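Below, each chain spelled out in residue letters.
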Amino acid sequence: MPKKFPFFRQLDQMDCGPTCLQMISTFYGRNYSLQSLREKSFITREGVSLLGISEAAESIGFRTLSATLPFENLKEEAPLPFIAHWKQNHFVVVYKLDRNYVHIADPNHGLVKLSHDEFKKNWISTKNKGEDTGVALFLEATPSFFEEEGEKNEKRGLLYFYSYLKPYKKFFLQLYVGMLISTILALVFPFLSQSIIDIGINNKNLSFINLILISQLLLYTATVVVDFIRGWIFLHMGTRISISIISDFLIKLLKLPFSFFDNKTIGDLLQRIGDHSRIQSFLASSALNILFSIIDFVIFGILLIFYSIKIFFIFLIGNTLYILWTAIFLKKRKALDYKHFNQAASNQSVLLQLLNGVQEIKLQNCEKKKRWEWERVQARQFKISVESLALGQYQQTGAFFIDRIKNILISYMAAKAVIDGNMTLGMMLSISYIVGQLNGPISQLIGLIYSFQDAKISLERLSEIHDKKDEIEADVELVTELPFNKTLILENVTFSYGGPHSPKVLENISLKIPEGKKTAIVGLSGSGKTTLLKLLLKVYEPTEGELRIGETNLKNIHHSFWRDKCGIVSQDGYLFSDTIANNIAISDDIVDKKKLLKAVKVANIKEFIDKLPLTFNTKIGQDGSGISQGQKQRLLIARAVYKNPDYVFLDEATNSLDAHNEREIVGNLEEFLSGKTVVIVAHRLSTVKNADQIVVMREGRIVECGTHNELIANEGEYYKLVKEQLNL
């Protein structure tokens, strides 16, 4: 066994299982990316199951065995390393087990040594025949594991982000000129200070002293002006770099498939966007400032050697100890940063839910409960902040002590040299100034170390997003035209959200949706109707089976092209904080007024819009805040009509409307939908009885299909639904 077990830290709250497998595969000499192991273990927003980890492990060549057993058996028989189920909501790797301790690799906390009792407290989950037992997954590498080459560990380095600095080459020249001027000005000060004492005061020459002081004032003014200009250049560069980095992140984010957003919280994504500020700070400030600091250090270091080589070595040794002392705390600081990220992401999510759901919270009288949820997150965040503060105080106390001892020794050496006649009082004053100038670069070097660590941690988290596969892969050619036969055909389609071992939401669906006809899908809640629509819209790919347009497989048609041909009114459609016109004509930069008027007439909402002070230019709140559910639904219908698509998908499109508005809109839609391929999902059977075919679903399967009259005559599932709605 190697001296140190390979450790990887989980990048996300749900990543503990795949990260454990990543550590074990690396231990056996094969590298796999966290993303590929996530996909193989079918990760969801809740994380992965032990079965998912087992599937992923066997797919890369391990033989696995899951067992529930007591700790004594674990000590005697367990092959190391293995994965242990921890606190019933986490996974860790046990890589060493001796007489007194259990050594674990916790992807959330690092390499930890626990006593047997501590381990059992976290691992034991059930009682079996009177014995305390826990769950473990044992892995054995088979010959096929070693036949695989694994994956190349291609980490995105910080050099990648230096490409953002290239457009600002001309500013670098200005910065270097400013740096040169600033250094020359600073270099003159110690000699001026020395001359005041050694010449002005010793010779009692007040005119000379006045001249030197005026010169210092002018030099101070010039330094302030140079620093001011340099600050503006940094601000200009930093702002533009920040916008570019975040813009590229959002471009990548919007290229990712829908399934990615199913597994991420809004708080997590907002925290990652916040991570960009640390990279921007490192690139545009810390990394450039250190160049200036190095030049200052070299020049003033040579100057200090010129005055006293002994004092220079004291300064060098003291600051070397200072830097080494700081480096001791970096590992712990990194661990706390990951903890802080996870808690900050949870805080963002809880706070967003609290603010977005304030109406429901007040109506349900659960203000205290929701506030307490947020306060519990704050308490955990406060605990991490206290740990960070304590760590910072330990580091600062030691650093302060080292720095003060260094300064005392330098003062003693300089004073002794003056007493011994080897140095003038003016030279001692100059040395004091030079040491002060040298302390600046050292402080900036410490800041750079921290900034570099922050940027590197942020880069790891951002690389997780940048390294994910786009919804549309660049090297795959997809069709951008529809076949002559535009009938939608589903053949033996099966779908589940969490991989093959998750419950099947759709099972063995075979269906034809004729071109230019109206197909209605009905059934009880949870029967799979909306999921079927999502497959038709290419939100998800079928787990099994085939979905075609004529003879063309839907997966071979370009996603953007297909969605451009589709109009959707969903029960959870979203309205943006924008004008009514822009919400309806959401894809157009310039609104087509004729299409807009037609859309609002069909949606029966023109009368409401005309009563508003700014009519179409009236701004509505986020997700329709400020308007009723019925008005929101009519705006979503108007959006679909404005698009004028070939395929129209209506998912409970009129469930929030009163009978009068529903009747008006259904009548208006008849003309608009004529000749289009329409799929309607509805619970109100009155809205679907005129469909060309009605598909009845139950528990993810199609149980009936036919026209309204045919299905009524059959007295099957559809007949029961109609009977229930009419209370017959």
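Worth saying up front: this structure is predicted, and the values here are computed from it rather than measured. (Residues numbered from 1 in each chain as written. Predicted model: local features only at pLDDT ≥ 70, side-chain atom pairs only at ≥ 80, totals over all residues. Heavy atoms only, no water.)

(A) Examining the overall build of the protein more closely. Within the protein, the regular secondary structure consists of 24 helices and 17 strands. Here the protein has a C-alpha radius of gyration of 35 Å; the compact-globule value for 728 residues is 27 Å, and the former is much larger. Summarising its shape, the C-alpha atoms of the protein cover approximately 120 × 75 × 55 Å along the three principal directions. Across the 728 residues in the protein, those meeting the buried criterion constitute 47%. (Helix = DSSP H or I, 4+ residues; strand = E, 2+ residues; numbered from the N terminus. Rg over C-alpha atoms; globule rule 2.2 N^0.38 Å. Buried < 20%, exposed > 50% of the residue type's maximum accessible area, 1.4 Å probe, protein only.)

(B) The domain arrangement of the protein, seen in detail. Split by domain assignment, the protein resolves into domain 1 (15–147), domain 2 (154–308 + 451–470), domain 3 (309–422) and domain 4 (488–727). Just the C-alpha atoms count here: the centres of domain 2 and domain 3 sit 21 Å apart. Contacts between the two partners involve 19 residues from domain 2, matched on the other side by 18 residues from domain 3. Summing both partners gives a buried area of about 1700 Å² for domain 2 against domain 3, and 60% of it is carried by carbon and sulfur. At the junction of domain 2 with domain 3, the criterion picks out 0 salt bridges. Across the contact surface, domain 2 and domain 3 share 3 residue pairs in polar contact (both at pLDDT 80 or more). Mapped onto the side of domain 2 that touches domain 3, the elements with two or more residues apiece are helix H10 (266–307) and helix H15 (425–466). Broken down by element, the side of domain 2 that touches domain 3 gets its largest block of residues, 12 residues, from H10. For the side of domain 2 that touches domain 3, the residue count by class is 6 nonpolar, 6 polar and 7 charged. (Domains from an automatic or database assignment. Contact = heavy atoms within 4.5 Å. Buried area = accessible area lost by both parts, 1.4 Å probe. Salt bridge = Lys/Arg side-chain N within 4 Å of Asp/Glu carboxyl O. Polar contact = N/O pair within 3.5 Å; in protein donor to acceptor, adjacent residues only side chain to side chain. Nonpolar A, V, L, I, M, F, W, Y, C, P; charged D, E, K, R; others polar.)

(C) Just the pattern of salt bridges, in detail. Per the counting criterion, the structure on display carries 17 salt bridges. Where lysine 370 meets glutamate 373, a salt bridge forms, and the shortest distance between an N and an O atom there is 3.6 Å. With lysine 370 and glutamate 373 both in helix H14 (residues 367–419) and 3 residues apart, the pair spans about one turn of that helix. Overall, the relative accessible area of 28% leaves lysine 370 in the partly exposed class. Residue aspartate 403 is joined to arginine 404 by a salt bridge in which the shortest nitrogen-to-oxygen separation is 2.8 Å. The buried category is assigned to aspartate 403, whose relative accessible area is 17%. When salt bridges that share partners are traced, they join Asp403, Arg404 and Lys406 into one network.

(D) Up close: the UniProt feature "transmembrane region" (unreviewed entry) in the protein. According to UniProt, the "transmembrane region" (unreviewed entry) feature falls on residues 171–192, 212–235, 282–305 and 311–330. What you have in residues 311–330 is 95% helix and 0% strand, and the ends, taken at the C-alpha atoms, are 29 Å apart. (UniProt positions renumbered as here; feature names shortened; annotations may be inferred.)

(E) Expanded view of a nonpolar patch on the surface. Together, Ile305, Ile309, Phe313, Leu316, Ile317, Leu321 and Leu324 give the surface a local cluster of nonpolar side chains, amounting to about 630 Å² of exposed area. Among the secondary structure elements, isoleucine 317 is positioned in helix H11 (residues 309–328). (Patch = residues over 30% accessible without salt bridge, like charges linked within 9 Å, V, L, I, M, F, W, Y side chains within 5 Å. Areas by Shrake-Rupley, 256 points an atom, 1.4 Å probe, with all protein chains shown as cover.)

(F) Geometry of the pairing of strand S3 (residues 90–97). In terms of residue burial, S3 counts as a mostly covered element, since 6 of its 8 residues are buried. Where strand S2 (residues 82–86) and S3 come together, 5 bridges link them in antiparallel fashion. From the neighbouring strand, tryptophan 86 faces S3, where its bridge partner is histidine 90. Between S2 and S3, which follow one another and run antiparallel, lie 3 residues, and lysine 87 among them has a positive phi close to 55°. Sheet analysis places S3 next to strand S4 (residues 101–106), joined by 4 bridges and oriented antiparallel. From the neighbouring strand, lysine 96 faces S4, where its bridge partner is histidine 103. Count of turn residues in the S3/S4 antiparallel hairpin: 3 residues. (Pairing = 2+ DSSP bridges.)

(G) Looking closely at the sheet that holds strand S15 (residues 677–681). In spatial order, the strands read S13-S14-S15-S10-S16-S17; together these 6 strands make up an open sheet with mixed pairing. Either end of the sheet is taken by a strand with one partner, and the two such strands are strand S13 (566–569) and strand S17 (701–706). Taken pair by pair, the neighbouring strands of this sheet meet at an average axis angle of 15°, ignoring direction. In the sheet, strand S10 (residues 518–523) pairs with S15 via 4 bridges, with the strands oriented parallel. Within S15, the residue paired with isoleucine 521 across the bridge is valine 681. In the packing of helix H16 (residues 529–536) onto the sheet, contacts are made with S10, strand S14 (647–651), S15 and strand S16 (693–698), and the angle to S14 comes to roughly 155°. (Axes fitted to C-alpha atoms, helices over the stretch in contact; angles between N-to-C directions.)

(H) Highlighting the pairing of strand S5 (residues 110–115). Bridging between S4 and S5 involves 6 bridges; their strand directions are antiparallel. For isoleucine 104, the partnering residue across the bridge sits in S5 and is valine 112.

(I) Quick peek at the packing of helix H19 (residues 593–602) against helix H21 (residues 629–643). Where H19 contacts H21, the axes come no closer than 8 Å and their chain directions differ by 135°. By the angle between their axes, H19 is oblique relative to H21. Judged by the sense of rotation from one axis to the other, the crossing of H19 with H21 is right-handed. Judged by residue contacts, Lys595, Leu596, Ala599, Val600 and Val602 of H19 engage Ala638, Val641 and Tyr642 from H21. Grouping the amino acids of the contact of H19 with H21 by side-chain chemistry returns 7 nonpolar, no polar and 1 charged. (Parallel < 35°, antiparallel > 145°, perpendicular 65-115°, else oblique. Left-handed = near helix turned anticlockwise from the far one by under 90°.)

(J) Up close: the nonpolar core. Ranked by internal contacts, the top residues of the largest apolar core, which has 46 residues, are Ile584 and Tyr718. By size, the runner-up hydrophobic cluster in this structure holds 30 residues, among which are Leu535, Val539, Cys566 and Met697. (Core = buried A, V, L, I, M, F, W, Y, C linked by side-chain atoms within 4.5 Å.)

(K) Looking closely at helix H22 (residues 659–673). With 15 residues, H22 ought to run about 21 Å at 1.5 Å a step, and its terminal C-alpha atoms sit 20 Å apart, in line with that. Buried within H22 we find Asn661, Glu662, Ile665, Leu669, Phe672 and Leu673. Projection of H22 onto a plane perpendicular to its axis shows the buried side chains occupying an angular sector of 90°, all on one side. Seen from the buried face of H22, the exposed residues on the opposite side, beyond 90 degrees, are Ala659, Arg663 and Glu671. Where the residues of H22 are buried, they touch H19, H21, S14 and S15. The positive-phi residue at the C-terminal boundary of H22 is glycine 675, with phi of around 85°. (Expected span 1.5 Å × (residues − 1). Arc of directions from axis to C-beta.)

(L) Summary view of the side chain of histidine 90. Mapped onto the elements, histidine 90 comes out in strand S3. Polar contacts involving the side chain of histidine 90 include one to the side chain of aspartate 106, which spans 2.8 Å. Other than its neighbours up to four places away in sequence, histidine 90 contacts Gln10, Cys16, Ala84, His85, Asp106, Pro107 and Asn108.

(M) Here's a closer look at the sheet that holds strand S11 (residues 544–549). Here 4 strands make up an open sheet; going across it, the order is S9-S8-S11-S12 and the pairing antiparallel. Here the strands that pair on one side only, and so sit at the sheet edges, are strand S9 (506–513) and strand S12 (552–553). Judged from the 2 bridges that link them, S11 and S12 form a sheet pairing that is antiparallel. What sits directly across from arginine 548, in S12, is asparagine 553. The strands touched by H16 within the sheet are strand S8 (488–495), S9 and S11, with S8 carrying the most contacts at an inclination of about 120°.

(N) Representation of unusual backbone geometry within the structure. The omega torsion of the bond from leucine 80 to proline 81 falls at -5°, within 30 degrees of zero and hence cis. In this model, asparagine 508 sits at a positive phi of 55°, which is unusual for a non-glycine residue. Considering the arrangement of structural elements, one finds asparagine 508 in strand S9. In this structure, threonine 615 is a non-glycine residue whose phi angle is positive, near 45°.

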